[in-house]
Amino acid sequence: MALGTDDPEAGQRYWTEWIAAHTWGLGPDVGEGGGQSHPILNPATGEALCSIRHADGADVERAVAQGKAASGDWAARTPRSRAELVRAVADVLERHREELAWLDTLDAGLPLWMMRKDADTGVERMRMFADLGYALTGQTIPASAGNLHLTFPEPFGVVARIIPFNHPFMFAASKVAAPLVAGNTVVLKPSELTPLSALRMAELVEGVLPDGVLSVVHGGADVGDALVRHREIRRIAFTGSHQVGRAIQRSAADVGVKHVSLELGGKNAMIVFPDADVDAALTAAVKGMNFAFAGQSCGSTSRVFVHESLLAEFTERYVAAVNAVRQGMPWSPGVQIGPMVSAAQQDRAHGFVERAVAAGAHLLTGGGTPAGGGGFFVTPTVFDGVSAEMEIANEEVFGPVVALFGFSTEDEVVGAANAVEYGLTASVWTRDLSLAHRMSRRLEAGYVWVNDTSTHFPGVPFGGVKMSGIGREESADELLSYTEIKAVNLVLS
Ligand code: NAD
């Protein structure tokens, strides 16, 4: 909201002017190099908010060199001392919650109420990793008589963190916390589409962390690749598409042996058994599609399997619920879905819809663009009549597009749910504990809900199997993934 007003339109004007007037650097540790400037668009209007220079090779070198220079002192601190500074960063960011939420709303097109929640989640996860600092322990191993065998979790040095556009601030904040607490310095690269809140974060925390401990570099694939290939970076953590994840694995392998963790996409199944609480499942099927993110969420339940005994009623009520999702300007109160992040993502989603229709899928609602708009809007879309070999049954749209399927037996639905190459989340709806347990074990997914969708629980490891990724985050597993074990054998006897 604009300072001193409750009027969202005034807020939008205030923060749009604020962004245009702000001097956007590349983060305090990076300075001013020679990369080209690119416009940052407001996806709700298609208009440019500002123009920001991308980092070039020299900027990347400088950020990594400063991270390297700072890494010795940072690693030598106790976990408690690092955690205290990460908590201090969280405190500063919390004080700027409103501003950071507006930046995300304006450059990502995501609803303001949701970006306030995202800002809170980012800060909360920073504090969670600060709390987890005491998990950085080693072991003693009784491997031989009279000697001492111990392990130490050691940081890598400079870590590269490459993030996507769909939770700009939440990812910028939460995904630097674990490597920092573990004793690494970090170079963060936000999406070139949504860099404002990450760049602002770097400005806000200047002076809170020692110089060089956290840098932000703004740019696209070339900047990401330069980080991946940098000789000083041995640990790369990536969140994004499987296509880029695999490109990163290839680039990393070209230049050395590096630790790469990947949080990738999903084509996630929600399965509704005949004994489910249907009202709750319907609400969850809408929540699970993350319409507030225009479906641009890796965990979205974009395949909904409903037992044939419920299918007709469920379909009718689900379509009505999706039609009631309110689309509009992301800063307007009560808006539940804004635009997609870019014209390219909008075209991509429309392409999926057109190809699904051409392949014979039945479009129940949506598939177009709401009337009267500039901006990159796609109306919430539901298909049925989708067969297993169709693209819409297998590929992640990363847009507000859902496919409904019927099923009759447990084996049939397990086979269908597991038939895709992804394996991020799954959601099972039943009151039968044995069935719930069996399904949880049989589904090929890294994160399973029984009678819920979309919720992430703090400390519970999140990540995918198959083409959805490598590694687990949001938990002690993530913290420890930023360390390597050193074993020391003190031969005393
Ligand atoms: P993307 O893969 O296109 O880009 C992600 C980031 O990688 C951006 O910062 C981009 O600039 C950078 N990049 C692009 N090419 C690169 C290269 N060759 N080397 C290094 N970096 C490069 O993804 P996106 O479109 O921003 O985000 C959407 C994808 O992210 C979806 O597939 C979604 O499912 C996935 N995602 C996964 C999770 C998860 O936790 N599993 C969370 C959010 C998003």
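That block above? That's the structure.
Residues numbered from 1 in each chain as written. Predicted model: local features only at pLDDT ≥ 70, side-chain atom pairs only at ≥ 80, totals over all residues. Heavy atoms only, no water.

Draft legend 1. Region of the structure containing the site of the ligand. Within the structure, the ligand sits among 28 residues, and Ile 163, Glu 192, Ser 241, Leu 264 and Glu 396 are positioned closest to it. Between Phe 165 and the ligand, the recorded distance is 3.4 Å, taken from a backbone N or O atom to an oxygen atom. Measuring from an oxygen atom of the ligand, one finds a side-chain N or O atom of Glu 192 at 2.7 Å. Burial of the ligand by the protein amounts to 89% of the accessible area it has alone, namely 850 Å². Counting residues per element, the ones that place at least two in the shell around the ligand are helix H8 (221–229), strand S7 (233–239) and helix H9 (242–255). For the shell around the ligand, the element with the highest residue contribution is H8, accounting for three residues. In terms of residue class, the shell around the ligand is built from 15 nonpolar, eight polar and five charged. Looking at which domains feed residues into the shell around the ligand, each of domain 1 (9–265 + 470–487) and domain 2 (269–458) supplies at least three. (Near = heavy atom within 4 Å. Polar contact = N/O pair within 3.5 Å; in protein donor to acceptor, adjacent residues only side chain to side chain. Areas by Shrake-Rupley, 256 points an atom, 1.4 Å probe, with all protein chains shown as cover. Helix = DSSP H or I, 4+ residues; strand = E, 2+ residues; numbered from the N terminus. Nonpolar A, V, L, I, M, F, W, Y, C, P; charged D, E, K, R; others polar. Domains from an automatic or database assignment.)

Draft legend 2. Representation of a nonpolar patch on the surface in the model. A cluster of nonpolar residues, Leu 148, Leu 490 and Leu 492, forms a patch on the protein surface that exposes about 260 Å² of accessible area. Structurally, the position occupied by Leu 148 is in strand S3 (residues 148–155). Looking at Leu 148, the relative accessible area reads 34%, which means it is partly exposed. (Patch = residues over 30% accessible without salt bridge, like charges linked within 9 Å, V, L, I, M, F, W, Y side chains within 5 Å. Salt bridge = Lys/Arg side-chain N within 4 Å of Asp/Glu carboxyl O. Buried < 20%, exposed > 50% of the residue type's maximum accessible area, 1.4 Å probe, protein only.)

Draft legend 3. Layout of the sheet that holds strand S14 (residues 425–429). In space, the seven strands of this open sheet follow the order S11-S12-S13-S10-S9-S14-S15, with mixed pairing throughout. At either end of the open sheet lies a strand with only one pairing partner, and these are strand S11 (362–365) and strand S15 (447–450). Taken pair by pair, the neighbouring strands of this sheet meet at an average axis angle of 20°, ignoring direction. In terms of strand pairing, S14 meets S15 through four bridges, oriented parallel. Bridged to Val 428 within S15 is Val 450. (Pairing = 2+ DSSP bridges. Axes fitted to C-alpha atoms, helices over the stretch in contact; angles between N-to-C directions.)

Draft legend 4. Quick peek at the pairing of strand S2 (residues 47–53). Judged from the six bridges that link them, strand S1 (residues 37–42) and S2 form a sheet pairing that is antiparallel. Bridged to His 38 within S2 is Ile 52. In textbook terms, the turn of a hairpin is the stretch between consecutive antiparallel strands, and for S1 and S2 this stretch comprises four residues, one of which, Gly 46, has a positive phi near 80°.

Draft legend 5. Expanded view of the nonpolar core. Judged by nonpolar contacts, the single largest core of 68 residues is most densely connected at Ile 19, Trp 24, Leu 93, Met 126, Leu 196 and Met 201. Element by element, the count of residues in this core is highest for helix H6 (residues 168–181), at 10 residues. When we break this core down by domain, the ones giving at least three residues each are domain 1 (9–265 + 470–487) and domain 2 (269–458). Counting residues in each nonpolar core, the second largest holds 55 residues, with Met 289, Phe 291, Val 325 and Phe 407 among its members. (Core = buried A, V, L, I, M, F, W, Y, C linked by side-chain atoms within 4.5 Å.)

Draft legend 6. Here's a closer look at the sheet that holds strand S8 (residues 259–263). With respect to topology, six strands assemble into an open sheet ordered S6-S5-S4-S7-S8-S16, the strand pairing being mixed. Each edge of the open sheet carries a strand with a single partner, namely strand S6 (214–216) and strand S16 (469–470). Along the sheet face, H8 touches strand S4 (158–162), strand S5 (185–189) and S7 and points at about 155° away from the line of S5. (Contact = heavy atoms within 4.5 Å.)

Draft legend 7. Broad picture of the pairing of S7. Judged by how many residues are buried, S7 sits mostly within the fold: six of seven residues are covered. When S4 meets S7, the two strands line up parallel, connected through five bridges. Residue pairing for S7: Val 158 is matched across the bridge by Ile 233. Strand direction decides the pairing type here: S7 and S8, joined by five bridges, are parallel. From the neighbouring strand, Arg 235 faces S8, where its bridge partner is His 259. Each parallel crossover has a hand, and the one from S7 via H9 to S8 is right-handed. (Right-handed = clockwise from strand over helix to strand, strands pointing away.)

Draft legend 8. Layout of the side chain of Thr 151. By the secondary structure assignment, Thr 151 is in strand S3. At 2.8 Å, the side chain of Thr 151 forms a polar contact with the backbone nitrogen of Gln 139. Filtering out sequence-adjacent residues up to four positions away, Thr 151 remains in contact with Gly 138, Gln 139, Ile 141, Ile 485, Lys 486 and Ala 487.

Draft legend 9. Examining the packing of aromatic side chains more closely. All told, the structure shown has nine aromatic pairs when counted by the stated rule. Note on Phe 273 and Phe 407: the rings are 5.4 Å apart at their centroids and 80° apart in plane angle, and the pair reads as edge-to-face. Of the two residues, Phe 273 is situated in the loop between strand S9 (269–272) and helix H10 (278–288) and Phe 407 in strand S13 (residues 401–407); the sequence distance between them amounts to 134 residues. Neither residue differs from the other here; Phe 273 and Phe 407 are each classed as buried. Their ring planes at 20° and their centres at 6.1 Å tell us that Phe 314 and Tyr 318 sit as a pair that is stacked. With Phe 314 and Tyr 318 both in helix H11 (residues 311–323), this residue pair falls four residues apart, about one helical turn. A residue is classified by how much of its surface remains accessible, and Tyr 318, at 0% relative accessible area, is buried. Members of the aromatic cluster, connected to one another through ring pairs, are Tyr 14, Trp 15, Trp 18 and Trp 24. Above the plane of the ring of Tyr 482 lies Arg 235, whose end atom (NZ or CZ) is 4.3 Å from the centre. (Phe/Tyr/Trp six-rings, centres within 6.5 Å; stacked < 30°, edge-to-face > 60°. Lys NZ or Arg CZ within 6 Å of the ring centre and 35° of its normal.)

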